[in-house]
Amino acid sequence: MKGEFSNTSHESFNATLHTTLVVTTKLVLPTPAKPILPVQTGEQAQQEEQSSGMTIFFSLLVLAICIILVHLLIRYRLHFLPESVAVVSLGILMGAVIKIIESQKLANWKEEEMFRPNMFFLLLLPPIIFESGYSLHKGNFFQNIGSITLFAVFGTAISAFVVGGGIYFLGQADVISKLNMTDSFAFGSLISAVDPVATIAIFNALHVDPVLNMLVFGESILNDAVSIVLTNTAEGLTRKNMSDVSGWQTFLQALGYFLKMFFGSAALGTLTGLISALVLKHIDLRKTPSLEFGMMIIFAYLPYGLAEGISLSGIMAILFSGIVMSHYTHHNLSPVTQILMQQTLRTVAFLCETCVFAFLGLSIFSFPHKFEISFVIWCIVLVLFGRAVNIFPLSYLLNFFRDHKITPKMMFIMWFSGLRGAIPYALSLHLDLEPMEKRQLIGTTTIVIVLFTILLLGGSTMPLIRLMDIEDAKARRRNKKDVNLSKTEKMGNTIESEHLSELTEEEYEAHYIRRQDLKGFMWLDAKYLNPFFTRRLTQEDLHHGRIQMKSLTNKWYEEVRQGPSGSEDDEQELF
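What you see is a predicted model; the values in this text were computed from it and never measured. (Residues numbered from 1 in each chain as written. Predicted model: local features only at pLDDT ≥ 70, side-chain atom pairs only at ≥ 80, totals over all residues. Heavy atoms only, no water.)

(A) View of the overall build of the protein chain. What the protein chain contains, in helices and strands, is 24 helices and zero strands. Out of the 575 residues belonging to the protein chain, those deemed buried represent 48%. Carbon and sulfur atoms provide 65% of the accessible area of the protein chain, an area that totals close to 30000 Å². (Helix = DSSP H or I, 4+ residues; strand = E, 2+ residues; numbered from the N terminus. Buried < 20%, exposed > 50% of the residue type's maximum accessible area, 1.4 Å probe, protein only. Areas by Shrake-Rupley, 256 points an atom, 1.4 Å probe, with all protein chains shown as cover.)

(B) Molecular detail of the side chain of N399. Within the secondary structure, N399 sits in the loop between α14 (373-398) and α15 (408-416). Look at N399 and you get buried, because its relative accessible area is 14%. Ignoring anything within four residues of it in the chain, the contact list for N399 reads K405, I406 and M411. (Contact = heavy atoms within 4.5 Å.)

(C) Expanded view of the packing of aromatic side chains. Under the definition given, this model contains 14 aromatic pairs. Taken together, a centroid distance of 5.3 Å and an interplanar angle of 75° make the contact between Y168 and F169 edge-to-face. Arranged with centres 6.3 Å apart and planes meeting at 45°, the rings of F187 and F375 form a pair that is tilted. Highlighted residues: F187 in helix α7 (residues 181-190) and F375 in helix α14, separated in sequence by 188 residues. Both residues of the pair, F187 and F375, count as buried. Three or more aromatic residues link up through ring pairs in this structure, and these residues are F258, F262, F263 and F320. Looking at K281, its charged tip hangs above the ring of F532, at a distance of 5.8 Å from the centre. (Phe/Tyr/Trp six-rings, centres within 6.5 Å; stacked < 30°, edge-to-face > 60°. Lys NZ or Arg CZ within 6 Å of the ring centre and 35° of its normal.)

(D) Just the environment of T344, in detail. Turning to its location among the elements, T344 is positioned in helix α13 (residues 335-366). You can call T344 partly exposed: its relative accessible area is 24%. For the pair T344 and E131, spaced 213 residues apart in the sequence, the C-alpha separation amounts to 9.5 Å. At 2.7 Å, the side chain of T344 and the backbone oxygen of L340 are in polar contact. (Polar contact = N/O pair within 3.5 Å; in protein donor to acceptor, adjacent residues only side chain to side chain.)

(E) The arrangement of a nonpolar patch on the surface in detail. Together, F161, W248, F251, L252, L255, L259 and F263 make up an exposed nonpolar region whose accessible area comes to about 710 Å². It is helix α10 (residues 247-282) that provides the largest number of residues to the nonpolar patch, a total of six residues. For F251, a relative accessible area of 37% gives the class partly exposed. (Patch = residues over 30% accessible without salt bridge, like charges linked within 9 Å, V, L, I, M, F, W, Y side chains within 5 Å. Salt bridge = Lys/Arg side-chain N within 4 Å of Asp/Glu carboxyl O.)

(F) Here's a closer look at α7. Counting buried positions over the 10 residues of α7 gives nine, a clear majority of the element. Residues of α7 that are buried: T182, D183, S184, F185, A186, F187, G188, S189 and L190.

Set out below in structure tokens:
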């Protein structure tokens, strides 16, 4: 009896122990680790390296040819032709030549000439967006921030809904190919990104109203980021199973996702820019420009990587970071680093833009197309109509609150200047649409719309401005002989001296704090924010900066004189 009780107790103890271990194991079971991406080795890795090397070589070769083209435009004073138009045309010609070579089976460059969206979003787009934000110190951007934000955010959303809704309902009516609601909205969002590079060049050449210039330029900068966020929102809805969700719930989810992406990314970029200003204010690196420049490059790309890593919009973050760093951090730098930042950002942005426009032209022959004439025509009509619904009502609304009114002529030019560029093209390739025919249809239509707006609308902007008498009267007489649309030549010949910080504490107080016309954010910035985030220079700092600049100039001049071509005659000509 005792043995039975002992056996029973032993079995009961074992059962209890087993249950406890199972429960404990379930409780402490670790979460599965993220899968490690496979690392290519051996022959596969070697093939990947060779393919990447050929892609890099092909891209650099295309860039070199485009640079030579831009040089020829400047040398032979073909200033009437915007560089973007010339590069796209060259890309089309190069694509045709490559197609002929491949048809003769002399070479196969299909993989190299294909535009890779990941390369665009990771390498090419961030420098373009950051340079755009960094250049917004010019003119009266902050004085028109309300109008620019309204056009960029609400205007882009209106355009996206008009284009997307029109495509969806036309498809339901069997007028064009059918797309579901999320795919229609995704296309409406990506095609709403404007890129008026040629228009801005014309504005600068003809000296149009500076307010009009800033409205178009500022809207295009913020509009790119908003369009990308809207497209990502539509893609996020596509990935989810929305079959059991009502239309109103879908709209609320999309709105919440957009607000999180927009304000979260903007806050992250703003915070990063302010931190960079404080770091470079309290850690004085001005005596070592190489370290100072390196720190600026790190802070320039830092918000993009962080935002993408936490599922926010890296483009929105790097844009606001560029705006804040231009306004605050830039004035904590030495004069050498200030000039170096300007020229480096311009050069990198130029190379990235040129590369994208060249591959846009190449895509005419490298992209697998599906062309549907009715779809293309209706999309062009909807794009123009959506731009009109964006510009005209919002302009009339803003005129109730603006001292400087937006005239009907300015409204028309703003509507006409809504060119499409590289971002819609890259976004169309980035969309994950099924079946493949749908993706090809969206990609082909996007390429046609981009080329239509760049070549036709961009090419006719100058005659339209002169016909409508928008340009300044004095500039009109000066520009009759020569109108320079070369963005590269202008950037290379000028240093933006107004962006060089040379104000002492007393000069800053006289220029800004004592002014009576500052209101709202401008007053808050001048009174509190700018003194807190920027370093005011002393007379000793100014003296040291000028000595540093003079020393570098003399060193460069001495190296030039000691070169093989130096001579006394050259020296006399220089002086």
